[in-house]
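Single-letter residue listing:
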Amino acid sequence: MQPLLLHAHASGPNPIKIAIALEALNIPYNVKLWEFGNDREKGVKGEVFLRINENGRVPALEDPNTGVVSWESGACMNYVRRVYDKENLLGPKGSEQDIVDFEKWEYFLLSTLGPMTGQTNWYRYVFTYLLDNQ
């Protein structure tokens, strides 16, 4: 199996979730770190990364074994579970209701905890930096 490529940012809250899942499933992967901003070669809003994820955010996951490129942490996680978690180690085991209950909480966390952490980082680092350097 060829290693997957996880696109991340050093302080982003979402790529670590995918790295934890890959580690738990013993899936080989490499990490490509990107910077905030629109630097053509290194920035998440730059031309190179926007070819991987037109949304310009991390995580993104490239799988050379299948040719699939996924982005958004929920989509990446679902892809990893569907393709690589054949023993269902990361998801619920049981009825359709068990699966739905798991997904309700999963998407609740993706739509609340992740975005709020991102806003916290913005105000803590970027906004503060901008204020201090006016």
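Colleague: Give me the pairing of strand β1 (residues 4-9): which residues, what numbers.
Modeller: With respect to burial, β1 is a largely interior element, 5 of its 6 residues being buried. Note that β1 and strand β2 (residues 29-34) share 6 bridges and pair parallel. Residue pairing across strands places His9 opposite Trp34, the latter belonging to β2. Each parallel crossover has a hand, and the one from β1 via helix α1 (residues 15-24) to β2 is right-handed. One ladder, built from 3 bridges, connects β1 with strand β3 (residues 60-63); its direction is antiparallel. Among the inter-strand pairings, Leu6 is bridged to a residue of β3, identified as Leu61.

Colleague: I'd like a description of the side chain of His9, backed by residues and values.
Modeller: Its location among the elements puts His9 in strand β1. Setting aside its immediate chain neighbours within four residues, His9 contacts Pro15, Leu33, Trp34, Glu35, Phe36 and Val58.

Colleague: Describe the sheet that holds β1, naming the residues involved and giving the relevant values.
Modeller: Ordered in space as β2-β1-β3-β4, the 4 strands form an open sheet in which the pairing is mixed. Because the sheet does not close on itself, it has two edges, and the strands there are β2 and β4 (68-71). The sheet shows a mean angle of 20 degrees between the axes of neighbouring strands, taken without regard to direction. Bridge analysis of β3 against β4 gives 4 bridges, and the strand direction is antiparallel.

Procedures and definitions
- Residues numbered from 1 in each chain as written.
- Predicted model: local features only at pLDDT ≥ 70, side-chain atom pairs only at ≥ 80, totals over all residues.
- Heavy atoms only, no water.
- Buried < 20%, exposed > 50% of the residue type's maximum accessible area, 1.4 Å probe, protein only.
- Helix = DSSP H or I, 4+ residues; strand = E, 2+ residues; numbered from the N terminus.
- Pairing = 2+ DSSP bridges.
- Right-handed = clockwise from strand over helix to strand, strands pointing away.
- Contact = heavy atoms within 4.5 Å.
- Axes fitted to C-alpha atoms, helices over the stretch in contact; angles between N-to-C directions.

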